[in-house]
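Architecture at a glance
Spelled out, the chains give:
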Amino acid sequence: MIDTHCHINMMIKKKFDVPIVSSELPHAKIIIEEAQQAQVNYIINVGTSLIESKNCIELAKTFKNLYASIGIHPNDCTAQWLKDFKELKPLLQKKESNKIIAIGECGFDKHYPGYNLQRQRDAFKAQVELALENDLPIIIHTRDAKDETLDALSEFSKDNIKGVIHCFSEDLAFAKEVINLNFLLGIGGTLTYPKNNILRQVFTTINLEHIILETDAPFLPPQIIRGKENHPKYILTIAEYLAEIRNESLLTIATQTTANARKLFNF
């Protein structure tokens, strides 16, 4: 199986937005091996800032079963985002050797006070255009901002845009709209939370070919470890839960979601 959205770069160090050092890499190796023991053989580490994107590349180049996505998260979209964005672009000149297989995560987040919506909109558009220029999928973060997300995506509806709505948290109507825009739905531990009946309705209704699995580790752990740090090995837990609520076999879930991820990210 594949963890299509993880942050091992954040799991192995104590401070955010600082470069990884060599002494932290053995911790990453342990995490990867623990994931492999749970049948999770590939992991995509997703960038949220310039430094963390570079950290994702460093991990991908160090470990053969890791890949990288580079981007600027809406909550990390500071006044200097354009400067950071311009420094991200050269990393794509060697996207194969840097093992960059997506742009993101980027998008919209209105959850915390003090957000700058226009800045988020500008940064998102720039990153979508970068993805299109490099024929890469885009990993979208959207929180309390489904209208803004749909409005922004509609501008590119004729441009063969592709990607995933990371940590999908909306209703069935929104799911159908983004699927029609050529997006997959990424789902992780939140599916297992007792109050998320609307989410369970979405993921038991849509075709399995539109679903990929993710943990967002170290964030959003499944219910069985709620309150503790998440880990890519819990892809197995999420797959088992999805199989149960869809009344399908674990093999069916694992096989199809893996095929979906491989097709989207092209590896």
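We now turn to the structure provided with this report.

Regarding the overall build of the protein
Secondary structure summary: the protein contains ten helices and eight strands in total. On C-alpha atoms alone, the protein measures out to a radius of gyration of 17 Å, which is about the 18 Å that the 2.2 N^0.38 rule sets for 267 residues. Overall size of the protein, expressed as C-alpha extent along the three principal axes, is 50 × 45 × 35 Å. Per-residue burial for the protein yields a buried fraction of 58% across its 267 residues. Considering only residue pairs separated by 6 or more positions, the protein has 71% of its internal contacts joining residues 24 or more positions apart. When the accessible surface of the protein is summed, it comes to about 12,200 Å², and 49% of that surface belongs to carbon and sulfur atoms. Charged side chains of the protein number 30 positive and 33 negative; the gap between the two group centres comes to 3 Å.

Focus: the environment of Glu 33
Along the chain, the position of Glu 33 falls in helix α2 (residues 25–37). On the basis of relative accessible area, Glu 33 is assigned to the partly exposed category, the value being 34%. With 35 residues separating them in the primary sequence, Glu 33 and Ala 68 have C-alpha atoms 18 Å apart.

What to know about the pairing of strand β3 (residues 66–70)
The element β3 is extensively covered by neighbouring structure, given that five of its five residues are classed as buried. The alternating pattern of β3 places Leu 66, Ala 68 and Ile 70 and Tyr 67 and Ser 69 on opposite faces, both of which are buried. Pairing analysis gives four bridges linking strand β2 (residues 42–46) to β3, with the strands arranged parallel. Directly across from Asn 45, in β3, lies its bridge partner Ala 68. With helix α3 (residues 50–62) bridging β2 and its parallel neighbour β3, the resulting β-α-β unit is right-handed. In terms of strand pairing, β3 meets strand β4 (residues 100–109) through three bridges, oriented parallel. Following the sheet pairing, Ile 70 is matched in β4 by Ile 103.

Let's talk about the nonpolar core
Counting residues in hydrophobic clusters, the biggest one holds 77 residues, and the most contacted among them are Ile 8, Phe 168 and Phe 203. Once you skip the residues sitting within four places of it in the chain, Phe 168 turns out to touch Phe 174, Ala 175, Val 178, Leu 185, Gly 186, Ile 187, Leu 199, Val 202 and Phe 203. Counting residues in hydrophobic clusters, the runner-up holds 14 residues, among them Ile 44, Ile 101, Ala 261 and Phe 267.

Some words on helix α10 (residues 250–265)
Note that an α-helix has 3.6 residues per turn; residues three or four places apart therefore point the same way. The end-to-end C-alpha distance of α10, which contains 16 residues, comes to 22 Å, matching closely the 22 Å that a straight helix rising 1.5 Å per residue would cover. Looking at α10, one finds that the buried residues are Ile 253, Ala 254, Thr 257, Thr 258, Asn 260, Ala 261, Leu 264 and Phe 265. Take α10 and look down its axis: the buried residues cluster within an arc of 160°, on one side only. Exposed residues on α10 whose side chains face more than 90 degrees from its buried face are Leu 251 and Lys 263.

Points about the packing of helix α8 (residues 197–205) against helix α9 (residues 235–246)
Where α8 contacts α9, the axes come no closer than 9 Å and their chain directions differ by 75°. When the interaxial angle is binned, α8 and α9 end up roughly perpendicular. For the pair α8 and α9, contact is made by Arg 200, Phe 203 and Thr 204 and by Tyr 241, Leu 242, Ile 245 and Arg 246, respectively. Within the contact of α8 with α9, the residues separate by chemical class into four nonpolar, one polar and two charged.

Observations regarding the side chain of His 73
Among the structural elements, His 73 can be located in the loop between β3 and α4 (81–88). Accessibility expressed as a relative area gives 9% for His 73, which makes it buried. Ignoring any residue separated from it by four or fewer positions in sequence, one finds His 73 in contact with Thr 48, Glu 105, Asp 109 and His 141.

What to know about the pattern of salt bridges
Overall, the coordinates contain eight salt bridges when judged by the stated rule. Among the ionic pairs, Asp 171 bridges to Lys 146, the shortest N-O distance being 3.8 Å. With Asp 171 in the loop between β6 (163–165) and α7 (172–180) and Lys 146 in helix α6 (residues 146–154), this pair connects stretches of sequence that are 25 residues apart. Exposure remark for Asp 171: the relative accessible area of 30% places this residue in the partly exposed category. Measuring nitrogen to oxygen at the nearest pair gives 2.9 Å for the salt bridge that ties Glu 248 to Arg 246. Take Arg 246: its relative accessible area is 15%, and that puts it in the buried class.

Parameters and conventions
- Residues numbered from 1 in each chain as written.
- Predicted model: local features only at pLDDT ≥ 70, side-chain atom pairs only at ≥ 80, totals over all residues.
- Heavy atoms only, no water.
- Helix = DSSP H or I, 4+ residues; strand = E, 2+ residues; numbered from the N terminus.
- Rg over C-alpha atoms; globule rule 2.2 N^0.38 Å.
- Buried < 20%, exposed > 50% of the residue type's maximum accessible area, 1.4 Å probe, protein only.
- Contact = heavy atoms within 4.5 Å.
- Areas by Shrake-Rupley, 256 points an atom, 1.4 Å probe, with all protein chains shown as cover.
- Lys, Arg positive; Asp, Glu negative; His and termini not counted.
- Charge placed at Lys NZ, Arg CZ, Asp CG, Glu CD.
- Pairing = 2+ DSSP bridges.
- Right-handed = clockwise from strand over helix to strand, strands pointing away.
- Core = buried A, V, L, I, M, F, W, Y, C linked by side-chain atoms within 4.5 Å.
- Expected span 1.5 Å × (residues − 1).
- Arc of directions from axis to C-beta.
- Axes fitted to C-alpha atoms, helices over the stretch in contact; angles between N-to-C directions.
- Parallel < 35°, antiparallel > 145°, perpendicular 65-115°, else oblique.
- Nonpolar A, V, L, I, M, F, W, Y, C, P; charged D, E, K, R; others polar.
- Salt bridge = Lys/Arg side-chain N within 4 Å of Asp/Glu carboxyl O.

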